[in-house]
Amino acid sequence: MKEHVHHLKDEEVNVLLNDLLEQYGYDFTDYSFASVKRRLQRVFINDRFPSFAEFRYKVRNDESYLTHLMEQITVNVTEMFRDPAFFLALRKQVLPVLATYPLIRIWHAGCSTGEEVYSMAILLKEMNLLHKSVIYATDINESVLDKARKGIFPLAFMQQYSQNYLQSGGQHDFSQYYAANYEYAKFSESLGEKVIFAAHNLVTDRSFNEFQLIICRNVLIYFNKELQDKVLHLFSDSLEQLGFLALGAKETLRFTAVAPLFKPVAHKEKIWRKITT
């Protein structure tokens, strides 16, 4: 006998999204509704909930299940040296300034599975700065952090990553940074030694240090205007005077509450510098 599959109604999806916002601070109102609904439906079926009420109860009352759900809804699309022009701008315009500091503190917020964190570590190493740097790599999602800590990525991606690396100003043979093992590439542990991976919710958690560089790319696009302003205030409060803030390609400080505190450094690459407190 064929099981009857409950199809989530639009109002049920809205109830869940409202729960996620009110209870946990995750805002999906600016996501494509159809795509969020499709993903929620898939989770609902795969996890075999007998009713919408039980699905909702689980989301509201089980934080470990919430992590699983978030992983299914948020797309962790990332790659090493993603947008090579951005990393080239870091190499040429930001890191030479940071080189003058005795200790470099970088916050990589929303680091996902860590590809961009390792990219940053490679940049620092090539500029002989890694030994005096600390990278705090945070994400809301514990399971992607576990992947990031391991520094193991599919070998099939290395050709693309190597091209990105060269376009970002890389001077060496990219393969020197990892050991190939069957279908995987494991990145050198020396790159991860200066990285601290930790869970952090941008919406509810506070600042935990003062940084000279904060990188948060392609995270704010998932937040509404109010939450974006909240997170940008957090970044501004967490940056030292003259510190740098880098956002994703579709993100901007224009028309935000913190805009007057910053000036653009690399306009196209979305890098700003904090000029006032």
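For the structure itself, look to the data block above.
The following paragraphs examine the structure supplied in this document. Nothing here was measured: the structure is a model prediction, and the numbers come from that model. (Residues numbered from 1 in each chain as written. Predicted model: local features only at pLDDT ≥ 70, side-chain atom pairs only at ≥ 80, totals over all residues. Heavy atoms only, no water.)

**Focus on the overall build of the chain**
- Within the chain one finds 10 helices and 10 strands.
- Taken over the C-alpha trace, the chain has a radius of gyration of 20 Å; the compact-globule value for 277 residues is 19 Å, and the two agree within 12%.
- With the principal axes as the frame, the chain shows a C-alpha extent of 65 × 50 × 30 Å.
- Looking at the 277 residues of the chain, the share that counts as buried comes to 51%.
- Of all intrachain contacts in the chain linking residues separated by at least 6 positions in sequence, the fraction that spans at least 24 positions is 76%.
- Accessible area for the chain stands at about 13,800 Å²; split by element, carbon and sulfur atoms hold 52% of it.
- Charge centroids of the chain, computed over 32 positive and 33 negative side chains, lie 5 Å from each other. (Helix = DSSP H or I, 4+ residues; strand = E, 2+ residues; numbered from the N terminus. Rg over C-alpha atoms; globule rule 2.2 N^0.38 Å. Buried < 20%, exposed > 50% of the residue type's maximum accessible area, 1.4 Å probe, protein only. Contact = heavy atoms within 4.5 Å. Areas by Shrake-Rupley, 256 points an atom, 1.4 Å probe, with all protein chains shown as cover. Lys, Arg positive; Asp, Glu negative; His and termini not counted. Charge placed at Lys NZ, Arg CZ, Asp CG, Glu CD.)

**Overview of the packing of helix H1 (residues 10-24) against helix H2 (residues 33-46)**
- Close contact between H1 and H2 brings their axes to 11 Å; oriented N to C, the two are set at 90 degrees. As judged from the angle between their axes, H1 and H2 are roughly perpendicular. Facing H1, whose interface residues are Asp-10, Val-13, Asn-14, Leu-16 and Leu-17, H2 presents Phe-33, Val-36, Lys-37 and Leu-40.
- Tallied by class, residues from the contact of H1 with H2 come to six nonpolar, one polar and two charged. (Axes fitted to C-alpha atoms, helices over the stretch in contact; angles between N-to-C directions. Parallel < 35°, antiparallel > 145°, perpendicular 65-115°, else oblique. Nonpolar A, V, L, I, M, F, W, Y, C, P; charged D, E, K, R; others polar.)

**Overview of the sheet that holds strand S7 (residues 211-216)**
- Overall, mixed pairing links the seven strands, which are arranged S6-S2-S1-S7-S8-S10-S9 in an open sheet. The sheet is open, and its two edges are formed by strand S6 (195-199) and strand S9 (262-266), each paired on a single side. Adjacent strand axes in the sheet meet at a mean angle of 20 degrees when their direction is disregarded.
- Bridge analysis of strand S1 (residues 104-109) against strand S2 (residues 133-139) gives six bridges, and the strand direction is parallel. Following the sheet pairing, Ile-104 is matched in S2 by Ser-133.
- Contacts between helix H5 (residues 84-98) and the sheet are confined to S1, S7, strand S8 (239-247), S9 and strand S10 (271-274), with S7 contributing the most and set at about 165 degrees to the helix. (Pairing = 2+ DSSP bridges.)

**What to know about the packing of H5 against helix H6 (residues 115-126)**
- Across the interface, H5 lies against H6 with an axial gap of 11 Å and an inter-helix angle of 45 degrees. Classed by the angle they form, the pair H5 and H6 counts as oblique. In this structure, H5 crosses over H6, and the sense of that crossing is right-handed. Taking contact as the criterion, the partners of Phe-87, Leu-90, Arg-91 and Leu-95 in H5 are, on H6, Glu-116, Ser-119, Met-120, Leu-123, Leu-124 and Glu-126.
- Classifying every residue of the contact of H5 with H6 gives six nonpolar, one polar and three charged. (Left-handed = near helix turned anticlockwise from the far one by under 90°.)

**Re the pattern of salt bridges**
- All told, the structure shown has 11 salt bridges when counted by the stated rule.
- For Asp-10, the salt bridge identified is with Lys-37, shortest N-O distance 2.7 Å. Of this pair, Asp-10 sits in helix H1 while Lys-37 sits in helix H2; the two residues are 27 residues apart in sequence, bridging distant segments of the chain.
- On the basis of relative accessible area, Lys-37 is assigned to the partly exposed category, the value being 25%.
- Here Arg-91 ties to Glu-126 by a salt bridge, and the two come within 3.0 Å at their closest N and O atoms. Within this pair, whereas Arg-91 is found in helix H5, its partner Glu-126 is found in helix H6, the two being separated by 35 residues in sequence.
- The exposure class of Arg-91 is buried, given its relative accessible area of 11%.
- Each of Asp-19, Arg-56 and Arg-60 takes part in one network of salt bridges that share partners. (Salt bridge = Lys/Arg side-chain N within 4 Å of Asp/Glu carboxyl O.)

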